[in-house]
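An overview of the molecular structure
If you want the building blocks of each chain, they are given just below.
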Amino acid sequence: MTPRARRLIALGATTAVAAAVLAHGADSLSVPDSRTAITAPSVRVAEPADPAVSSAAADGRRDRGAARRARVAEAPAQEPATDRPTGDEPASDQTAGDQTAGDRTGATSTPRAVRGPQASGVTTDRVLPRTLTGREVLASHRDLLPELARRNSRSTAELRDLLSQDETVHLVSAGYVFYAEPQAQEAAVEGTTGQVPLTALFPQAQTFALHSRPGSTRTVYLDFDGATVSGTAWNDAGSDHRLPSGTWKGWDSNGDATTFSLNEHAWVQHVWRQVAESFAAFDVDVTTADPGAAALRRETESDPTYGTRVVFTSDTSANDQACSGCFGLAMDGSFGEVDPAGFRSPAWVFADNPALSPVLTAQGAAHEVGHTLGLSHDATATSTYYRGTDGWGPLMGLSAMRAVNQWSRGEYAGANNPEDDLQVMQEHHLPLLADDHPEERTAATAVSGDGSTTARGVITSRSDVDTFRLDLGCDTTVQAAAKGIGAQTALDLSLELQDADGRRLDLASPASGYRMDTYPLGGLLYPVYVSTGMDATVTRTLTRGTYYLRVDGVGNSSSATSTYSDYASIGSYTLTTHGCGTTVPAPTPTPTPAPASPVVLSRPGAPSIGAASSGSAGGTVSATARWAAPRVTGGQAILGYRVRAYKLDSRNRVVRTYTTGRTAANVRALVYRLPQGRYTFVVTAENGLGASPWSSRSVIVTAR
């Protein structure tokens, strides 16, 4: 018996299964080191919720480093000839303006049993001929389901249901499940201007040294600087649609891949803040500082230090080649696996829309990390993603821009995935934090009744209640306020005041709701739902003595469009008290938004895609793209348009991308000379401030 067969049997496979695997996967993938070569700052921010730093204190630009400058920003370092056909650049004919095309861009929803993480370690042995969709596996390789289920720590029936009912599920040739999320969409508020930049949360020097829980043995690394990715499942040599090994640029919103602007620093900080809060109840460090390979890869079962990396990239070539225009990629259940070479890493967020909000980006990142922790999609019988209501949405659904985003156990209407998100993540090596403040009065955390005091805490579960003892040495009016992180918090707080014997004197648990707000990005304002009533404040005149304050996470049933239980009302909070010798602060009024400027200066909105058409047989090989001007011009004249052609294979996957130079402003159609094949088009408009988001895709046409 060969060593591979003995290893498979030792890992739990039967002799027959081992033989089947060897028969289907005679070749193996080499797995070189795939770590990024970015040097991280040594500064650590141990209290992320405390500072609220004005961006005016740091108005410089961070150099992304010599390693970043040395990278090829637009294409991977290596491109096999099979992925990039040679030949002259296609040209185009325009129905107005007669310009020439120029530059080219290179380079679940079903109920299932709770499952545990893989304990056998990752194998790179191929069991499938190439990367396939779940439904392709069911159609052509159903006989391999038992082995595929074993590799993914699922029952055969469970894997079969997942592959048949979740269209985002794929498998690499080594047999591991991954999710390819569709592109997220946001629409700007018309007639508004976004001249005010995002407000920085911390000094600029701390942007790439942020830590939510320094010292934890678990890490989620948010990698915004660009990364070298090679020898991983994403570089699967057995796939006809893969990411070539190489270096890919990081997140960039302004076309300058060498530095981060002031607004980009603020954007990164906002993304980190929200992702960190999504995992605040767990013993994990969410960080923007590169922790090194040893902190992310689990070498052996006894290795206690590991995590996952999320790469944020604006590289459209990476997006096109990896998943044909998706928003995110993640390997199912990869967190905590024994994977010394990082074969099933990283997760990806393709933030290639310069107007992508930090809110939506952070939700996408938390969603992809959730997949690495074994979570399936929160779905319904008719949709892979449950969209939530205006006021609430599940993180593993499509909760984009909802006021409250929480982990779920399928308590929403129409749910068909009842998995307990919090329990599944714990079973995949992400432990909850130990109780920081006991519930019992006899063990309550003391806070001073003199002056103003601040305490921090974390609610980790629906049964976690934090109790604080307040000793007053005078008769006074006391105010206590429990506050979460603010916008997009998942923690709905209640605050109870008790006397020395535990009798309730007051309870603050405001009715929760939401309001519509906007945030500025890319010169436009975008809508976002902001939760209300999530914090709790008690004000009461008391005599000297001992009192208790109890902090709890609660649900909400006060609104039909913002209803949720206390199941995942968890996260971090700050408790502030004002006692003897202080003046109770007056309530802070809600600021009235300033009226929108009558002169809108911004990037334009996206053009409307029109009816594309195939070329005529027998003539010059071409296809025609058509579009309409954007409704939002940004207060400036449209200077022209760029047309991007995606060449598709027989399964509608992008195999090559072509982009024109800028057309004349009056052009609304373009005859694009292209190599023979099937294509779909997108269009962007440009004014003096920059380019719009890309339009939606056209119908598929044939260049002939």
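In every chain, residue numbers begin from 1 and rise along the written sequence. Given that this is a predicted model, residues contribute local features only at a pLDDT of at least 70 and side-chain atom pairs are listed and counted only at 80 or more, while totals for whole chains, interfaces and linings are drawn from all residues. The basis for every side-chain value is the complete set of heavy atoms in the structure, and neither hydrogens nor water enter the calculation.

1. Observations regarding the overall build of the chain
Along the chain, the regular secondary structure elements total 10 helices and 35 strands. Note on classification: 1.4 Å probe, protein chains only; a residue is buried when its accessible area is under 20% of the maximum for its type, exposed when over 50%, partly exposed between these limits. The buried share of the chain, taken over its 704 residues, is 57%. As displayed, the chain has an accessible area near 26500 Å², and 52% of this comes from carbon and sulfur atoms. Counting from the N terminus, the helices are DSSP H or I runs at least four residues long and the strands are E runs at least two residues long. Exposure was quantified through the Shrake-Rupley algorithm and a 1.4 Å probe, taking into account, for residues, occlusion by the shown protein chains and nothing else.

2. Let's talk about the sheet that holds strand β3 (residues 132-133)
Here, a strand pair is defined by DSSP locating no fewer than two bridges between the strands. Ordered in space as β3-β4-β5-β12-β13-β11-β6-β10, the 8 strands form an open sheet in which the pairing is mixed. Bordering the open sheet on either side are β3 and β10 (285-287), each of which pairs with just one other strand. Against the sheet, helix α7 (residues 262-278) touches β6 (218-223), β10 and β11 (306-313), its axis set at about 165° to β10. It only takes one pair of heavy atoms within 4.5 Å for two residues to be counted as in contact. Only the stretch in contact is used when a helix axis is fitted, and all axes are lines through C-alpha atoms; the angle between N-to-C directions ranges over 0 to 180 degrees.

3. With respect to the environment of Ile638
Counting through the fold element by element, Ile638 comes out in the loop between β29 (622-628) and β30 (640-648). Looking at Ile638, the relative accessible area reads 16%, which means it is buried. Counting along the chain gives 53 residues from Ile638 to Ala691, while the straight-line C-alpha distance between them is 9.7 Å. Ile638 has contacts with Pro604, Pro630, Thr633, Ala665, Ala685 and Glu686, leaving out every residue within four places of it along the chain.

4. Quick look at the packing of aromatic side chains
Geometry of aromatic contacts follows a simple scheme: Phe, Tyr and Trp rings, the Trp one being its six-membered ring, pair when their centres are within 6.5 Å, and the pair is stacked under 30 degrees between planes, edge-to-face over 60, tilted otherwise. According to the stated counting rule, one finds 15 aromatic pairs in the structure shown. Between Phe279 and Phe282, the ring centres sit 6.5 Å apart and the planes meet at 55°, which makes this aromatic pair tilted. For Phe282, a relative accessible area of 0% translates into the label buried. Among the aromatic side chains, those forming a connected cluster through ring pairs are Phe224, Trp251, Trp267 and Phe312. Placement of a positive charge over a ring is assigned whenever Lys NZ or Arg CZ falls within 6 Å of the ring centre and within 35 degrees of the normal to the ring plane. One Lys or Arg, Arg441, reaches over the ring of Tyr548 and ends 5.8 Å from the middle of that ring.

5. Describing unusual backbone geometry
Omega for the peptide link from Ser345 to Pro346 comes to 0°, which places this bond in the cis form. Within the element layout of this structure, Pro346 appears in the loop between β12 (328-331) and β13 (347-350). Even without being glycine, Gln488 reaches a positive phi, approximately 65°. Inspection of the secondary structure puts Gln488 in the loop between β19 (476-483) and β20 (493-498). The exposure class assigned to Gln488 is buried, which follows from its relative accessible area of 7%.

6. Some remarks on the state of the cysteines
Our working definition of a disulfide is a cysteine sulfur pair at a distance within 2.5 Å. Here the structure, examined in full by the defined rule, presents 2 disulfides. The side chain of Cys323 participates in a disulfide bridge whose partner is Cys326; the two sulfur atoms lie 1.9 Å from each other. Around the S-S axis, the bridge from Cys323 to Cys326 shows a dihedral of about -75° and counts as left-handed. Judged on exposure class, the residue Cys323 and its partner Cys326 are both buried. There is a disulfide in this structure between Cys474 and Cys580, and the S-S distance comes to 1.9 Å. Because the sign of the S-S torsion sets the handedness, a value of about -115° for the bond joining Cys474 and Cys580 places this disulfide among the left-handed ones. One end of the pair, Cys474, is in the loop between β18 (465-472) and β19; the other, Cys580, is in the loop between β26 (571-578) and β27 (608-609), and 106 residues separate them in sequence. The burial state of Cys474 is the same as that of Cys580; both residues are buried.

7. With respect to the packing of α7 against helix α9 (residues 358-372)
At a closest axis distance of 8 Å, the pairing of α7 and α9 adopts a crossing angle of 40°. Here α7 is positioned oblique relative to α9, judged by the angle of their axes. Handedness of the α7/α9 crossing: right-handed. Here α7 contributes Trp267, His270, Val271, Gln274, Val275 and Ser278 to the contact with α9, which in turn contributes Pro358, Val359, Thr361, Ala362, Gln363, Ala365 and Ala366. Across the contact of α7 with α9, the residue classes tally to 8 nonpolar, 5 polar and no charged. Geometric relationships in this document are graded by angle, where less than 35 degrees denotes roughly parallel, more than 145 denotes roughly antiparallel, 65 to 115 denotes roughly perpendicular, and other angles denote oblique. Note on convention: the crossing is left-handed when the near helix lies turned anticlockwise from the far helix by less than a right angle, right-handed when the turn is clockwise. Any residue outside Ala, Val, Leu, Ile, Met, Phe, Trp, Tyr, Cys, Pro, Asp, Glu, Lys and Arg is labelled polar, Gly included; the first ten of those are nonpolar and the last four are charged.

8. Here we look at the confidence of the model for the chain
Atomic detail in the predicted coordinates should be set aside for any region of low pLDDT. Along the chain, pLDDT gives the predictor's confidence residue by residue, from 0 to 100. Predicted confidence across the chain gives a mean pLDDT of 79, with 75% of residues reaching 70 or more. pLDDT under 50 marks residues 187-196. Its contacts with residues more than four places away, or in other chains, come to 27 contacts. Predicted confidence for residues 590-600 stays below pLDDT 50, and this span has 7 contacts to residues more than four positions away or in other chains.

9. Overview of empty space enclosed by the protein
Cavities and pockets were defined on a 1 Å grid built from protein atoms only: a cavity is a group of points that admits a 1.4 Å probe but offers it no way out, a pocket is an open group of points flanked by protein on both sides within 12 Å along at least five of seven lines, and a lining residue is one with an atom within 4 Å of any such point. Grid points are joined across faces, edges and corners, and a volume is the space filled by probe spheres set on the points. Looking at the largest cavity, its volume works out to about 220 Å³. Lining the largest cavity are 20 residues, with Leu296, Gly307, Asp339, Gly342 and Ser345 positioned closest to its centre. With 3 residues, the single largest contributor to the lining of the largest cavity is β11. Its residues assigned to classes, the lining of the largest cavity comprises 5 nonpolar, 8 polar and 7 charged. The volume enclosed by the second largest cavity comes to roughly 110 Å³. Lining the second largest cavity are 13 residues, and of these Glu277, Ser278, Leu395, Asn405 and Ala490 sit closest to its centre. Secondary structure elements with two or more residues in the lining of the second largest cavity: α7 and β15 (404-406). Top contributing element to the lining of the second largest cavity by residue count: α7, with 3 residues.

10. Regarding the pairing of β13
Successive side chains on a regular strand alternate, one facing one side of the sheet and the next facing the other. Of the two faces of β13, the one lined by Ala347 and Val349 and the one lined by Trp348 and Phe350 are each fully buried. As paired strands, β11 and β13 are joined by 4 bridges and run parallel to one another. Each residue of the ladder has a partner; that of Val311, found in β13, is Trp348. Relative to β13, β12 runs antiparallel, the two sharing 2 bridges. When the sheet's bridge partners are listed, Gly328 is paired in β13 with Val349.

11. Some remarks on the pattern of salt bridges
The salt bridge definition used is simple: a Lys or Arg side-chain nitrogen within 4 Å of an Asp or Glu carboxyl oxygen. Taken as a whole and judged by the stated rule, the model has 17 salt bridges. Residue Glu136 pairs with Arg651 through a salt bridge whose shortest N-O separation is 3.2 Å. With Glu136 in helix α4 (residues 134-140) and Arg651 in the loop between β30 and β31 (654-659), this pair connects stretches of sequence that are 515 residues apart. Of the charged contacts in the structure, one is a salt bridge between Arg642 and Glu686, with a shortest N-O distance of 2.5 Å. Here Glu686 lies in strand β33 (residues 677-687) and Arg642 lies in strand β30, a separation of 44 residues in the sequence. What emerges from the salt-bridge pattern is a single network uniting Glu439, Glu496, Arg504 and Arg550.

12. Looking at the side chain of His377
Inspection of the secondary structure assignment puts His377 in the loop between α9 and β14 (392-394). What makes His377 buried here is its relative accessible area of 0%. A polar contact is formed between the side chain of His377 and the side chain of Asp166, at a distance of 2.8 Å. We define a polar contact as two N or O atoms separated by no more than 3.5 Å, with the added condition that, inside protein, one atom must be a possible hydrogen donor and the other a possible acceptor, whereas residues neighbouring each other in sequence contribute only through side-chain atom pairs.

13. Details of the pairing of strand β5 (residues 177-181)
A large share of β5 lies buried, amounting to 5 of its 5 residues. Residue alternation in β5 divides its side chains into two sets, Val177, Tyr179 and Glu181 and Phe178 and Ala180, and both sets are buried. Of the pairings in the sheet, the one linking β5 to β12 comprises 4 bridges and is antiparallel in character. The residue bridging Glu181 from the neighbouring strand is Gly328, located in β12.

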